[in-house]
Amino acid sequence: MKNLEKNELIRNIAIIAHVDHGKTTLVDAMFKQSGVFREGLEVEDRIMDSMDLERERGITIAAKNCAVMWNGVKINIIDTPGHADFGGEVERSLSMADGAVLLVDASEGPLPQTRFVLKKTLEAGLKIIVLINKIDRKDARVTEVLDEVYDLFIDLDATEDQLDFPVIYAVAVNGIAKGSLEEESENLNILFDTVIENIPGPSFDPEKPFQMLVSDLGYSDYMGRLAVGKVFNGKARQSDQLVRIGPEDKHDLLRVTKLQTYVGLELKEIEEVLPGDIAVISGIDDVHIGDTICTKDSPVPLKRITVDEPTVAMKFSINTSPLSGKEGKNVQSRKIWERLVKETLSNVAIHVEETNDRDSFLVKGRGEFQMAILIETMRRENYELSVGRPQVIFKTVNGKKHEPIEHLFIDCDEAFMGVVTEKLSFRKGRMLNLVNHDSGRIRIEFSIPARGLIGYRDEFLTDTRGTGIMNSYFIGYQEFRGEFSSRFMGSLVADRAGSAVPYALSNLKARGNLFISPGEPVYEGMIIGEHNRENDLNVNVCKEKKLSNVRASGKDDAIVLSPVLPMTLERALHFIREDELVEITPKSIRLRKVELSASKRHSSRPKE
């Protein structure tokens, strides 16, 4: 084997953690203490959560890059998502890293997504630093959490070298890190020093020419498409003649118009990029994640980024309701198709397929949450569309039907154990483990089909009165566990077009749970509420009170309607059945039947 050299002036680290364990807060503190911002500059919190959706939901959705300098060494930081639905982001970001900082909450300990991102990191063979965050919490149990981390490493078949990890204790929100609980500290210096000492510099073969793996894509109005990735070998200068090697070994010539690298959050133009650095190259019209950019003289492709296959599919189609085109700008199927294809360029976990219906497309991904984020993003970009219920992707193995299975973790009060266990067993869940911490709360683990979790989250929060915590990750395909009903109640469906009237809605209160308020436009086939019984019920929400000259005591009291809970995208996706759709516009989320006509729905019903 040839002697590989290391670039000691660079460290590439990914910061991995479960959702809400303080990852983005830690990156904020690293920025502030490494001199990225001048003294006295007003900086908002959670700098790396640049998307509006990330700020609103308090999660990281897209992996992002930045860099800080410490004692003459450049530390490239990759902030990764903590949710398994965004696993494609984790996989492509780890392809740029040589090590990782695993962040764990001092009270909650390692949670399912901690396991998911750690598994990917160990498989990539990266060196890991464990950082136990929020040690100032009143319910912190630092020693037990560290034991749980060791157990998790062993459970994931970590090597002896990976098990020998340094441990740092931190309060990221205050910008403090220390090597032991007894130490006094006012900064993150020990974290920076530990990264430089323990994470190896990127290795490269000095005899090989330039090779870069594209791990991310960007776009600039001035420079066009941007290819972001780690330089594995060699150097490149501006105006170099390079080659892009795409899928199926396809070669395209290209000329670099601009070379950039990260300095803090900004991109800075450079003359030459060194091996091991994370570079941004402009001047490439057609580039995809996983492509290799190398020299024209010796084009040798690097191993493409591979991601776990999708497990959930959803049908996206144009909005065909009577209210279509009134609120959104992008309504044509061609525009929706182009937007979905654009998403696949930057998100390797999303697949898009055309269907027999030219106005509908099949979108495949990791989970319903990932789909909801994509739909919400499109909605904010002025798209109008309708989507069907999320469906799991089945496989046939040795002639038998197999389905995706999730490992589910439930954390709830002891009093709710019965209702949770009953609901999950009905959804074909099997209990694997039950831990009682003698604190009034229990942790239960289940193996459950992925389709059993679609629509369950809202029900779970209701059953546990909002105090339960539920997390899961995909463990693989297993034999089909049998059918079960996803919803017991029917829908209240409007039977004509018009506007909802308070008098009609007040008379329908006893029939079920309403989704609309007075004055809202309705049309035939639109779902206006949940029926108390199993069957669907066609109702007239436009019916006004007949005016007559007869007056009676108590008849003319003011109508009082209970406030309606606003319909959210996730709630709508959870509610609908196979014969229903969610209509999404920039201003509204409505539920409707696939077949709007009541007479056609009635005639197509199976005869009993």
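Residues numbered from 1 in each chain as written. Predicted model: local features only at pLDDT ≥ 70, side-chain atom pairs only at ≥ 80, totals over all residues. Heavy atoms only, no water.

Participant: Would you mind showing me how to read unusual backbone geometry here?
Facilitator: Outside of glycine, negative phi angles account for most residues, and trans bonds account for most peptide bonds. One non-glycine residue, D157, lies in positive phi territory at about 60 degrees. Note that D157 resides in the loop between α5 (142-155) and α6 (160-163). The class for D157 is exposed, based on a relative accessible area of 66%. The backbone of N382 shows a phi angle near 70 degrees, a positive value even though the residue is not glycine. Topologically, N382 is positioned in the loop between α9 (368-380) and β23 (385-387). (Helix = DSSP H or I, 4+ residues; strand = E, 2+ residues; numbered from the N terminus. Buried < 20%, exposed > 50% of the residue type's maximum accessible area, 1.4 Å probe, protein only.)

Participant: It is not clear to me how the environment of L26 should be interpreted in this structure. Could you clarify?
Facilitator: Within the secondary structure, L26 is located in helix α1 (residues 23-33). Note on L26: relative accessible area 0%, which makes it buried. Taking the C-alpha atoms as reference points, L26 and A177, separated by 151 residues in sequence, lie 10.0 Å from one another.

Participant: Is there a simple way to explain helix α4 (residues 112-123) in this structure?
Facilitator: Given 3.6 residues per turn, any residue in an α-helix points the same way as the ones three and four places further on. For α4, with 12 residues, the first-to-last C-alpha span of 17 Å sits near the 16 Å given by 1.5 Å per residue. Counting buried positions over the 12 residues of α4 gives 10, a clear majority of the element. Inspection of α4 places P112, Q113, T114, R115, F116, V117, L118, K120, T121 and L122 among the buried residues, and these make up the whole buried set. Following α4 by one or two positions, G125 adopts a phi angle in the positive range, close to 75 degrees. (Expected span 1.5 Å × (residues − 1).)

Participant: So what exactly am I meant to see when it comes to the packing of aromatic side chains here?
Facilitator: Pairs of aromatic rings are described using the distance from one ring centre to the other and the angle between the two planes. Across all of its chains, the model carries 8 aromatic pairs by this definition. Judged by centre distance (4.7 Å) and plane angle (25 degrees), the rings of Y150 and F165 are stacked. Of this pair, Y150 sits in helix α5 while F165 sits in the loop between α6 and β7 (167-171), and the two are 15 residues apart along the sequence. Using a relative accessible area of 30% as the deciding quantity, one classes Y150 as partly exposed. (Phe/Tyr/Trp six-rings, centres within 6.5 Å; stacked < 30°, edge-to-face > 60°.)

Participant: Sorry, what's going on with a nonpolar patch on the surface here?
Facilitator: A surface patch of nonpolar side chains, about 290 Å² in accessible area, is lined by F426, F488 and M489. Assignment of secondary structure puts F426 in helix α10 (residues 417-426). (Patch = residues over 30% accessible without salt bridge, like charges linked within 9 Å, V, L, I, M, F, W, Y side chains within 5 Å. Areas by Shrake-Rupley, 256 points an atom, 1.4 Å probe, with all protein chains shown as cover. Salt bridge = Lys/Arg side-chain N within 4 Å of Asp/Glu carboxyl O.)

Participant: Explanation requested: the packing of α10 against helix α12 (residues 456-463) in the structure shown.
Facilitator: Helix-helix packing is characterised by the crossing angle of the two axes and by the distance between the axes. Close contact between α10 and α12 brings their axes to 10 Å; oriented N to C, the two are set at 160 degrees. Viewed along their axes, α10 and α12 adopt a mutual orientation that is roughly antiparallel. Of the two elements, α10 crosses α12, and the hand of that crossing is right-handed. Contact residues: V419, V420, K423 and L424 in α10; Y456, E459, F460 and D463 in α12. Per-class residue counts for the contact of α10 with α12 are 5 nonpolar, no polar and 3 charged. (Axes fitted to C-alpha atoms, helices over the stretch in contact; angles between N-to-C directions. Parallel < 35°, antiparallel > 145°, perpendicular 65-115°, else oblique. Left-handed = near helix turned anticlockwise from the far one by under 90°. Contact = heavy atoms within 4.5 Å. Nonpolar A, V, L, I, M, F, W, Y, C, P; charged D, E, K, R; others polar.)

Participant: How should the side chain of R451 be read in this particular structure?
Facilitator: Secondary-structure assignment places R451 in helix α11 (residues 450-453). Owing to a relative accessible area of 12%, R451 belongs among the buried residues under this scheme. A distance of 2.4 Å separates the side chain of R451 from the side chain of E403, its partner in a polar contact. If we skip the residues at most four places from it in the chain, R451 touches V392, F394, E403, F480, R481, G482, E483 and F484. (Polar contact = N/O pair within 3.5 Å; in protein donor to acceptor, adjacent residues only side chain to side chain.)

Participant: I keep staring at the pattern of salt bridges and nothing clicks. Help me out?
Facilitator: Pairing of side chains with opposite charge becomes possible as their charged atoms draw close. Scanning the entire structure with this criterion turns up 31 salt bridges. For R11, the salt bridge identified is with E8, shortest N-O distance 3.0 Å. Overall, E8 belongs to the partly exposed group, its relative accessible area being 44%. Where salt bridges share partners, they join D105, K134, R137 and D139 into one cluster.

Participant: Looking at this structure, I do not really get α5. What am I missing?
Facilitator: Given a rise of 1.5 Å per residue, 14 residues ought to cover 20 Å, and the 20 Å separating the end C-alpha atoms of α5 matches this to within 8%. Turning to α5, its buried residues are V142, V145, L146, V149, L152 and F153. An end-on view of α5 places all buried positions within 115 degrees of arc, on one side of the element. More than 90 degrees from the buried face of α5, the exposed residues found are T143, D151 and I154. Where the residues of α5 are buried, they touch β5 (99-105), α4, β6 (127-133), α6 and β7. At the C-terminal side of α5, D157 shows a positive phi close to 60 degrees. (Arc of directions from axis to C-beta.)

Participant: What should I look at first to understand the packing of α4 against α5 in this one?
Facilitator: At a minimum axis distance of 10 Å, the contact between α4 and α5 shows a crossing angle of 50 degrees. The angle between α4 and α5 falls in the class oblique. Viewed along their axes, α4 and α5 form a crossing whose handedness is right-handed. Where α4 abuts α5, its residues T114, R115, L118 and L122 lie against L152, F153 and D155.

That is the geometry; function is a separate question.
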